[in-house]
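Structural description and commentary
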Amino acid sequence: MILFFIYVILSSSGIILFKLGSADLSVKMVNNQLNMNFPSLSLLGLLCYLLSFVLWMIIISKADVSFIVPLGLGITNVLILVGSVVFLKESISTNAMIGIALILAGTLLMNYK
């Protein structure tokens, strides 16, 4: 279960970090050469997301997919929404709040034994 929590944190933070660094992200062709600028926050986000993917492969190989996938996706989506408010200064609408509650309730209901 510890791997699962590490996965959720890495996946969510990877997306938030990539977004934070994406303002200066650029990929373009200059004189027939590919010119790329990846800010350090975007690279750190990419690394977090890559590590989370590796953990995800380990997790789903050892757990019931019908249990772990809805749980992982639900919690990751909620953390991304919370992270976008805290770090990206985005706002949450009433519908988003209701959506968070429904995601959490649905995840719990699906996995209740």
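All figures in this text were calculated on a predicted structure; none of them were measured in a lab. (Residues numbered from 1 in each chain as written. Predicted model: local features only at pLDDT ≥ 70, side-chain atom pairs only at ≥ 80, totals over all residues. Heavy atoms only, no water.)

This paragraph deals with the overall build of the chain. Each helix and strand in the chain was counted, giving four helices and two strands. When the elements of the chain are put in sequence order from the N terminus, they spell out α-β-β-α-α-α. In the chain, which comprises 113 residues, the proportion classed as buried is 27%. Residue pairs in contact within the chain that sit at least 24 positions apart in sequence constitute 65% of those at least 6 positions apart. In the structure as shown, the chain presents an accessible area of about 7,700 Å², 70% of it carried by carbon and sulfur atoms. (Helix = DSSP H or I, 4+ residues; strand = E, 2+ residues; numbered from the N terminus. Buried < 20%, exposed > 50% of the residue type's maximum accessible area, 1.4 Å probe, protein only. Contact = heavy atoms within 4.5 Å. Areas by Shrake-Rupley, 256 points an atom, 1.4 Å probe, with all protein chains shown as cover.)

What follows covers the packing of helix H1 (residues 2–21) against helix H3 (residues 65–86). Where H1 meets H3, the closest approach of the two axes is 9 Å, and the angle between their N-to-C directions is 40 degrees. As the angle between them shows, H1 and H3 are arranged oblique. Here H1 and H3 pass one another in a crossing that is right-handed. Here H1 contributes Phe 4, Tyr 7, Val 8, Ser 11, Ser 12, Ile 15 and Ile 16 to the contact with H3, which in turn contributes Ile 68, Leu 71, Gly 72, Ile 75, Thr 76, Leu 79, Ile 80, Gly 83 and Ser 84. (Axes fitted to C-alpha atoms, helices over the stretch in contact; angles between N-to-C directions. Parallel < 35°, antiparallel > 145°, perpendicular 65-115°, else oblique. Left-handed = near helix turned anticlockwise from the far one by under 90°.)

Another aspect to go through is the UniProt feature "domain: EamA" (unreviewed entry) in the chain. Here, the residues flagged by UniProt with the feature "domain: EamA" (unreviewed entry) are residues 10–111. Annotated as residues 10–111, this span is 74% helix and 10% strand, and its ends, taken at the C-alpha atoms, are 23 Å apart. (UniProt positions renumbered as here; feature names shortened; annotations may be inferred.)

This brings us to the pairing of strand E2 (residues 33–37). Judged from the five bridges that link them, strand E1 (residues 26–30) and E2 form a sheet pairing that is antiparallel. Bridged to Lys 28 within E2 is Asn 35. Taking the residues that link successive antiparallel strands as the turn, the E1-E2 hairpin has two residues, and the phi of Asn 31 there is positive, at about 50 degrees. (Pairing = 2+ DSSP bridges.)

Membership of the largest hydrophobic core is limited to 11 residues, which are Phe 4, Tyr 7, Val 8, Leu 10, Leu 17, Cys 48, Leu 55, Trp 56, Ile 59, Ile 68 and Leu 71. In terms of residues, this core owes the most to one element, H1, which gives five residues. Excluding its chain neighbours within four sequence positions, the residues that come into contact with Leu 55 are Leu 3, Ile 6, Tyr 7 and Leu 10. (Core = buried A, V, L, I, M, F, W, Y, C linked by side-chain atoms within 4.5 Å.)

So, about the UniProt feature "transmembrane region" (unreviewed entry) in the chain. The positions that UniProt labels "transmembrane region" (unreviewed entry) are, in the present scheme, residues 38–60, 67–88 and 94–112. Between the first and last C-alpha atoms of residues 38–60 the distance is 31 Å; the span itself is 91% helix and 0% strand. Structurally, residues 67–88 is divided into 91% helix and 0% strand, and its ends, taken at the C-alpha atoms, are 31 Å apart.

Take the packing of helix H2 (residues 40–62) against H3 next. Across the interface, H2 lies against H3 with an axial gap of 8 Å and an inter-helix angle of 145 degrees. H3 is crossed by H2, and the crossing has right-handed handedness. Across the interface between the two elements, Trp 56, Ile 59 and Ile 60 of H2 pack against Val 65, Ile 68, Val 69 and Gly 72 of H3. Across the contact of H2 with H3, the residue classes tally to six nonpolar, one polar and no charged. (Nonpolar A, V, L, I, M, F, W, Y, C, P; charged D, E, K, R; others polar.)

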